[in-house]
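Coordinate inspection notes
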Amino acid sequence: MTQDPSATRASAPRPFGRLLTAMVTPFSADGALDLDGAGKLAGHLVDEQGADAVVVNGTTGESPTTTDAEKEALIRAVVEAVGDRALVVAGVGTNDTRHTAELAATAQKAGAHGLLVVTPYYNKPPQAGLLRHFTAVADATDLPVMVYDIPHRAGVPIATETLVRLADHERIVAVKDAKADLTATSWVLSRTGLAYYCGDDALALPALSIGAVGLVGTSTHFTGALAKRMIEAYDRGDVDEALALHRRLLPLFTGIFRTQGTILVKAGLAQRGLPAGPVRPPLVDATEAEIDQLRSDCADAGLELR
């Protein structure tokens, strides 16, 4: 008997839900951590934008410029705000395995429901080093781990064979895939039970077509409700609706990255009166011209930036 593909998609394991948003970290005007704002923003992402989970302390959250104490406080604030109705995934990745394991343990104590662990960046470890790194971090807690494969920022891809070996670890359950290599992704999906979450907003629909289960988005600070509708439409086999939503949202899926994504997300949130604040150096705040372009991109996607 031929299995209904939509039934297969609907029953696929989704350890972190369908839609995750990589949340920016709100700061006050003087650059201090805004914990009240973080709780309010997380609530907006969950209650208004449909996020099943929020990722805190990721690179979109300016993790390179926040202290370990700030990271812990942020997890606690977001867990308190939305942890009863959404998952809180803590970014803990660094290019130091020991430090990453320490951050992972702290995240568990702070109440995080899962971990996002990016490929160690800049030092370009070999695949044996990546295997050792991710395994050591997964061994450091009891939390499920999402490995983050983003070679254009980390400097090295996670090879297919490495991902296949990582899938043997009981707590390594998912991948945030920002490699933009659908062939490599297909091979991993054909050989493992890893849940793949697209890490590139504009590639979410193509990724779903080869077996991904969801999106970890940046533009989803604004597009979340519609992006989730796109995923749900594809899951139930309504490819036409999913494609229509993909095409509608494409101007913002891509436009949010006209400059570094955090910069434009914070600018857009400020325009909407939501907690955001400035970025920390070495990032710089959006220019008026960039905000005008973001407003135009939102309009092209049928959304208002106000």
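Looking now at the overall build of the protein. Counting secondary structure elements, the protein contains 13 helices and 8 strands. What you see for the protein is a C-alpha radius of gyration of 18 Å, in line with the 19 Å of a compact globule of 306 residues. Along the first, second and third principal axes, the C-alpha set of the protein runs to 50 × 45 × 35 Å. Looking at the protein alone, contacts between residues at least 24 apart form 70% of all its contacts between residues at least 6 apart.

The subject of this paragraph is the nonpolar core. Side chains of a nonpolar character, in soluble globular proteins, are inclined to be buried together. Counting 79 residues, the largest nonpolar core has Val78 and Leu115 as its most contacted members. Considering every element that reaches this core, the biggest residue donor is helix α10 (residues 220–235), with 7 residues. Non-local contacts of Val78, meaning those with residues more than four positions away in its chain, are made with Met23, Ala38, Ala42, Val54, Val56, Gly83 and Val88. Within the second largest apolar cluster, 17 residues are counted, among which are Ala22, Val89, Ile150 and Ala195.

By the definition in use, this model includes 16 salt bridges. Between Glu62 and Lys266 there is a salt bridge, with its nearest N and O atoms 2.8 Å apart. Separated by 204 residues along the polypeptide, Glu62 in the loop between β2 (53–56) and α3 (68–82) and Lys266 in helix α12 (residues 261–271) bring together distant segments of the chain. You'll find Glu62 and Lys266 in the same group, each marked buried. With a closest N to O distance of 2.9 Å, Glu70 and Arg280 form a salt bridge. Of the two residues, Glu70 is situated in helix α3 and Arg280 in the loop between α12 and α13 (288–300); the sequence distance between them amounts to 210 residues.

Next up on the list: the environment of Pro13. If you trace the backbone, Pro13 turns up in the loop between α1 (5–10) and β1 (19–22). Remark: the alpha-carbon pair of Pro13 and Arg306, spanning 293 residues in sequence, is separated by 37 Å.

This next bit is on the packing of aromatic side chains. Note on aromatic pairs: each is described by the distance of the centres and the angle between the planes. Taken as a whole and assessed by the stated rule, the structure comprises 1 aromatic pair. The ring of Phe27 carries the charged tip of Arg280 above its face, separated from the ring centre by 4.1 Å.

Criteria and cut-off values
Residues numbered from 1 in each chain as written. Predicted model: local features only at pLDDT ≥ 70, side-chain atom pairs only at ≥ 80, totals over all residues. Heavy atoms only, no water. Helix = DSSP H or I, 4+ residues; strand = E, 2+ residues; numbered from the N terminus. Rg over C-alpha atoms; globule rule 2.2 N^0.38 Å. Contact = heavy atoms within 4.5 Å. Core = buried A, V, L, I, M, F, W, Y, C linked by side-chain atoms within 4.5 Å. Buried < 20%, exposed > 50% of the residue type's maximum accessible area, 1.4 Å probe, protein only. Salt bridge = Lys/Arg side-chain N within 4 Å of Asp/Glu carboxyl O. Phe/Tyr/Trp six-rings, centres within 6.5 Å; stacked < 30°, edge-to-face > 60°. Lys NZ or Arg CZ within 6 Å of the ring centre and 35° of its normal.

Function cannot be inferred from these measures alone, as they are strictly geometric.
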